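# A closer look at the structure
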Amino acid sequence: MPAAEAAAMLARVLGPRWTGEEDVDGLLALCGYLPLAIRIAAARLLSRPEMGIDDLCEQLPDERRRLKRLTAGDITVHGVLTSSYEALDAGDRKVFRRLALLRGFDFCPEAAARVAEISREEAQEALDRMADRSVVRPESEPGRYSLHSLARLFAADRLAADEDPETVRA
């Protein structure tokens, strides 16, 4: 979500608990501006009256644990990303995992093709399917895509778990 919309959504969910004085921008960035992550963060805050936004921000900077910490009851960002990942076919899962190897904010189908070791056309088709499932995000510049920060963390986790370390190094 755009930052202003994300802040407005957080304010609506928090209601009178909202002070507007804490590190809202930091929390939204840690949530990757994803509506689900923001709602989960708000639910954590509402269920813990002693916790402020700044306190929650202090719990989330560790990228390796962030996905697991964004949990409210049975709803987790990690669980939703896992479901989305498992719904992809094997080829698209490979492309998704390997997107974690790309540096920078956004990427093109050619870069995705290189890291996934497939043709540009195959990469374009995979990115289109992933965009349809909101796994990757098409950017305003035609032919450019990006991963939400939390999706990038998840892709890196899957890369480490599902790929041979020698292949990843290469």
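In the block above lies the structure referred to throughout.
For the structure given in this document, a descriptive report is provided here. Small disclaimer: the values here were computed from a predicted structure and weren't measured.

Conventions and cut-offs
Residues numbered from 1 in each chain as written. Predicted model: local features only at pLDDT ≥ 70, side-chain atom pairs only at ≥ 80, totals over all residues. Heavy atoms only, no water. Helix = DSSP H or I, 4+ residues; strand = E, 2+ residues; numbered from the N terminus. Rg over C-alpha atoms; globule rule 2.2 N^0.38 Å. Buried < 20%, exposed > 50% of the residue type's maximum accessible area, 1.4 Å probe, protein only. Contact = heavy atoms within 4.5 Å. Phe/Tyr/Trp six-rings, centres within 6.5 Å; stacked < 30°, edge-to-face > 60°. Salt bridge = Lys/Arg side-chain N within 4 Å of Asp/Glu carboxyl O. Patch = residues over 30% accessible without salt bridge, like charges linked within 9 Å, V, L, I, M, F, W, Y side chains within 5 Å. Areas by Shrake-Rupley, 256 points an atom, 1.4 Å probe, with all protein chains shown as cover. Lys, Arg positive; Asp, Glu negative; His and termini not counted. Charge placed at Lys NZ, Arg CZ, Asp CG, Glu CD. Pairing = 2+ DSSP bridges.

It is worth spelling out the overall build of the chain at this point. Looking only at helices and strands, the chain features 11 helices and 5 strands. Radius of gyration (C-alpha) of the chain: 17 Å, near the 15 Å computed for a compact globule of 170 residues. Projecting the C-alpha coordinates of the chain onto the three principal axes gives extents of approximately 55 × 35 × 25 Å. Here the chain holds 170 residues, and the buried ones make up 41% of them. Once local pairs closer than 6 in sequence are excluded, the contacts in the chain between residues at least 24 apart make up 62%.

In total, this model carries 4 aromatic pairs according to the counting rule given. Pairing tyrosine 85 with phenylalanine 96 gives two aromatic rings, centres 5.8 Å apart and planes at 50 degrees, and the pair type is tilted. Pair noted here: tyrosine 85 is in helix 6 (residues 77-87) and phenylalanine 96 is in helix 7 (residues 90-99), with a separation of 11 residues, a long-range link. Residue tyrosine 85 is classed as buried on the basis of its relative accessible area, which comes to 7%. You can call phenylalanine 96 buried: its relative accessible area is 2%. Three or more aromatic residues joined by ring pairs form one cluster here, namely Tyr85, Phe96 and Phe154.

With that settled, consider the pattern of salt bridges. What the rule picks out here adds up to 9 salt bridges. Linking glutamate 110 and arginine 120 is a salt bridge whose minimum nitrogen-to-oxygen distance equals 2.7 Å. Residue glutamate 110 is found in helix 8 (residues 109-116), and its partner arginine 120 is found in helix 9 (residues 120-132); the two are separated by 10 residues along the sequence. Here glutamate 110 falls in the partly exposed class, since its relative accessible area comes to 32%. Put simply, arginine 158 and aspartate 162 hold a salt bridge, and the shortest N to O gap is 2.7 Å. In this pair, arginine 158 and aspartate 162 are both assigned in helix 10 (residues 149-162), 4 residues apart and thus about one turn of the helix distant. If you follow the salt bridges from partner to partner, you end up with Arg97, Arg98, Glu117 and Glu163 in one network.

Bringing a negative patch on the surface into the picture now. Together, Asp23, Asp25, Glu50, Asp54, Asp55 and Glu58 give the surface a local cluster of negative charge. Summarising the element assignment, aspartate 54 is placed in helix 4 (residues 53-59).

Tracing the backbone through its elements, the reader meets glutamine 59 in helix 4. Among the residues examined, glutamine 59 registers a relative accessible area of 25% and is labelled partly exposed. Glutamine 59 sits 11 residues away from leucine 70 along the chain, and the two C-alpha atoms are 9.7 Å apart. Not counting residues within four places of it along the chain, the set of residues in contact with glutamine 59 comprises Arg44, Met51 and Arg69.

A separate point is the sheet that holds strand 4 (residues 137-138). The strand order across the open sheet formed by 3 strands is 3-5-4, and the pairing between neighbours is antiparallel. Unpaired on one side and paired on the other, strand 3 (106-107) and strand 4 mark the two borders of the sheet.

With that settled, consider the side chain of glutamate 163. Inspection of the secondary structure puts glutamate 163 in the loop between helix 10 and helix 11 (165-169). Discounting residues that sit within four places of it in the chain, glutamate 163 has contacts with Lys94, Arg97, Arg98, Arg158 and Val168.

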